Amino acid sequence: MPIHICCACGTSYPDAAEPPARCLICEDERQFVPRGGQVWTTPEKLAGGHVNAWRQLEGDLFEIHTHPQFGIGQRALLVRTPQGNVLWDCISSLDEATISLIRALGGMRAIAISHPHYYTCMQDWARAFDCPVHLHAADADWVMRPDRAIRYWDGETLEIAPGVTLLRLGGHFPGGSVLHWAHGAEGRGAILSGDIVQVAADLNRVSFLWSYPNMMPLSAATVRRIADTLAKWRFDRIYGAFPGRRVATDGARAVERSAARYVELLNTNQP
Ligand SMILES: [Zn+2]
Ligand SMILES: [Zn+2]
């Protein structure tokens, strides 16, 4: 029996003869059920109509993105370190070319995911590369397909490879995390932010929301806390969840400036 993948959000559900009646990720107010109802696919059908495209973003960083776009449309990022490769965030499609290319690059040491919207088919990626998936324990209830590769971490930080550290920021999800890569941006440091810190259309800004599709904000105190937590880390560049979304330089100042303006707007009575 095949596993079933929600076409709206990309989440995979356990193998069964029929797809599930509901997608709990889509029914949450941070996502949405499509107007025509939930539609499902399988890994075989997905591979039949989609390919993964690769882009090298800097020396040791690759983007993997599915074409035509599938689900939410995020990218996965492959970080190379001397101690092994790390996959940041995940996508539903794992095609043969992607497996061969990652094996040729030395396989995978670990997978880490910012929040439940990008859990997708992490179980299949973990199996293909025989590596663990690090998820924050605060979001454990959102795992729709339990797997022995999943390792829950608690607390505020977890170093998963030398110079590669997960930081829990919360906000969009209680366990919402970003990845700090000390060697990124030619050694100036980079944050891989998922949509916990969303790189905005103006590539010198970031933003923060409880629900992106339904445009619901976070509190001023939460945004202030996220900015204060990030201020303790050294970084120059921010890679967001979607292709092209990158704060190229001065990322730490972009976070501080964007957070201050967000809080100011929440506290202003606009005419
Ligand atoms: Zn869904
Ligand atoms: Zn999200």
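A. View of the coordination of the zinc ion (ligand 2). In the first shell of the zinc ion (ligand 2), the protein supplies His 115 (NE2), His 117 (ND1) and His 172 (NE2), at 2.1 to 2.2 Å from the metal. Mapping the donors of the zinc ion (ligand 2) onto the primary sequence yields the spacing H-x1-H-x54-H. Placement of His 115 in the loop between strand E8 (110-112) and helix H4 (122-129) and of His 172 in the loop between strand E12 (164-168) and strand E13 (177-181) is noted, with a sequence separation of 57 residues between them. As far as burial versus exposure is concerned, His 115 and His 172 are alike and both buried.

B. Layout of H4. Taken across its 8 residues, H4 has 6 buried, putting it largely inside the fold. Every buried residue of H4 is listed here: Met 122, Gln 123, Trp 125, Ala 126, Ala 128 and Phe 129. The first or second residue beyond H4 is Asp 130, which carries a positive phi of 50 degrees.

C. Representation of unusual backbone geometry within the structure. The omega torsion across His 67 and Pro 68 is -15 degrees, close enough to zero to call that bond cis. The backbone of Met 215 shows a phi angle near 55 degrees, a positive value even though the residue is not glycine. Structurally, Met 215 is set in the loop between strand E17 (209-211) and strand E18 (216-217). Given a relative accessible area of 67%, Met 215 falls into the exposed group.

D. Structural view of the coordination of the zinc ion (ligand 1). Within the first shell, the zinc ion (ligand 1) binds the protein through Cys 6 (SG), Cys 9 (SG), Cys 23 (SG) and Cys 26 (SG), at distances of 2.3 Å. Every donor counted, the 4 donor atoms about the zinc ion (ligand 1) form angles of 102 to 115 degrees at the centre, which fits tetrahedral coordination. Going along the chain, you hit the donors of the zinc ion (ligand 1) in the pattern C-x2-C-x13-C-x2-C. In this pair, Cys 9 is assigned in the loop between strand E1 (4-6) and strand E2 (12-13) and Cys 26 in helix H1 (residues 24-27), connecting sequence segments 17 residues apart. For the pair Cys 9 and Cys 26, one class covers both residues: buried.

E. Representation of the pattern of salt bridges within the structure. Going through the model one piece at a time under the given rule, you end up with 17 salt bridges. A salt bridge links Glu 58 to Arg 237; the nearest nitrogen and oxygen atoms lie 3.1 Å apart. One end of the pair, Glu 58, is in strand E4 (residues 51-58); the other, Arg 237, is in strand E19 (residues 237-240), with 179 residues separating them in the sequence. The exposure class assigned to Glu 58 is buried, which follows from its relative accessible area of 10%. Between Arg 145 and Asp 124 there is a salt bridge; the shortest N-O distance is 2.8 Å.

F. Up close: the packing of helix H5 (residues 220-230) against helix H6 (residues 251-266). Interaxial distance between H5 and H6 falls to 9 Å at its minimum, and their mutual angle equals 165 degrees. With respect to their mutual orientation, H5 and H6 come out roughly antiparallel. Relative to H6, the crossing made by H5 is left-handed. Of the residues in H6, those in contact with Ala 220, Val 223, Arg 224, Ala 227 and Leu 230 of H5 are Val 255, Glu 256, Ala 259, Ala 260, Tyr 262, Val 263 and Leu 266.

What counts as what
- Residues numbered from 1 in each chain as written.
- Chains lettered and ligands numbered in written order.
- Predicted model: local features only at pLDDT ≥ 70, side-chain atom pairs only at ≥ 80, totals over all residues.
- Heavy atoms only, no water.
- Donors = N, O, S within 2.8 Å, 3.2 Å for Na, K, Ca; no water.
- Helix = DSSP H or I, 4+ residues; strand = E, 2+ residues; numbered from the N terminus.
- Buried < 20%, exposed > 50% of the residue type's maximum accessible area, 1.4 Å probe, protein only.
- Tetrahedral: all angles 85-135°; square planar, octahedral: opposite > 155°, others 65-115°.
- Salt bridge = Lys/Arg side-chain N within 4 Å of Asp/Glu carboxyl O.
- Axes fitted to C-alpha atoms, helices over the stretch in contact; angles between N-to-C directions.
- Parallel < 35°, antiparallel > 145°, perpendicular 65-115°, else oblique.
- Left-handed = near helix turned anticlockwise from the far one by under 90°.
- Contact = heavy atoms within 4.5 Å.

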